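Examination of the molecular architecture
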Amino acid sequence: RATWAQARQSLNAFGKHGVWKNKELVAKLAAKLSDPPRTMPYQILTTYQNIDAETPRPIVDALHVAMEKACANVPVLPERTLIAVDVSGSMSSASITGERKGSTSKTKAIHVAGLFASAMVRAQPALKVVAFDTRLFEAELEPRDTVMTNAGKLAAIQGGGTDCSLPLLWALQMHQKYDLIVYLSDNESWCGNQAGMADAWAKYRQIHKQTKLVCIDLTPNTTTQVKNQERTWNIGGFSDTVFELVGKIARA
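Before going into details, it helps to say that this report is about the structure given with it. (Residues numbered from 1 in each chain as written. Predicted model: local features only at pLDDT ≥ 70, side-chain atom pairs only at ≥ 80, totals over all residues. Heavy atoms only, no water.)

**Points about the overall build of the protein chain**
Scanning the protein chain for helices and strands turns up 11 helices and 6 strands. Here the protein chain has a C-alpha radius of gyration of 19 Å; the compact-globule value for 252 residues is 18 Å, and the two agree. Principal-axis analysis of the C-alpha atoms places the extent of the protein chain at approximately 65 × 35 × 30 Å. Put simply, the protein chain has 252 residues, and 52% of those count as buried. Residue pairs in contact within the protein chain that sit at least 24 positions apart in sequence constitute 72% of those at least 6 positions apart. Entry remark: accessible area of the protein chain is about 12,000 Å², with carbon and sulfur atoms responsible for 51%. Charge centroids of the protein chain, computed over 29 positive and 23 negative side chains, lie 6 Å from each other. (Helix = DSSP H or I, 4+ residues; strand = E, 2+ residues; numbered from the N terminus. Rg over C-alpha atoms; globule rule 2.2 N^0.38 Å. Buried < 20%, exposed > 50% of the residue type's maximum accessible area, 1.4 Å probe, protein only. Contact = heavy atoms within 4.5 Å. Areas by Shrake-Rupley, 256 points an atom, 1.4 Å probe, with all protein chains shown as cover. Lys, Arg positive; Asp, Glu negative; His and termini not counted. Charge placed at Lys NZ, Arg CZ, Asp CG, Glu CD.)

So this is what it looks like as structure tokens:
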């Protein structure tokens, strides 16, 4: 009788109460989980990250199916969109919900950044994704792979320091015109010029005046790379609402 959300949130409790010993119940739960109501990918990622290792394979597979269906609900972005994913060391250490005794999430900032990029590429294969720390990587994401697989590829890079200017400098060097540029970072960019991203954005906008920049600060604190500039939006934190916000900005 559980709703889809109740089933998703109770998987570890089911395991502790012996539900996984009943193959019929496992099959029913898997069928329910694989047919979600209209939802976004973030809820499913947090569930996937937190399920116990003993969770039966049909349940895990059902979460993959639910993720694929959730990707159909992400907003359509302009074809010329660049998604820049911070893969620096701090992204792999910071919990997306902050550090709180007894309730710190296993989901790190890098997992969420990888999820956003992978979900968007799954829905729109033409979108460009780059990763950066103090180097720039052209992410080789296969649109036909599962979102979890592609997100894992980005999370596995796990770099060191952070230079948020690199994706913009790369776009300038390659003479790439984008209608929308989306950054996913914890904004801890200290390498080189601390105003490097703002300077690079100013140079980019001199050439491409209509481009929009969205900076998603996954662990909002005291640092903001670009502020008080036209056609620039800063979003702090992350939930499934962020997908909708980015879509609204793209359409504005």
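**Digging into the nonpolar core**
Soluble globular proteins tend to pack their nonpolar side chains together in the buried interior. In this structure, V85, F116, I216, L218, F238 and V246 are the most contacted members of the largest nonpolar core, which totals 60 residues. Of the residues forming this core, the biggest block, 10 residues, is contributed by helix α7 (residues 109-123). Those residues in contact with F116 that lie beyond four places of it in its chain are I83, V182, L184, I216, F238, F243 and V246. Residues A84, L168, L172 and C215 belong to the second largest nonpolar core, which totals 20 residues. (Core = buried A, V, L, I, M, F, W, Y, C linked by side-chain atoms within 4.5 Å.)

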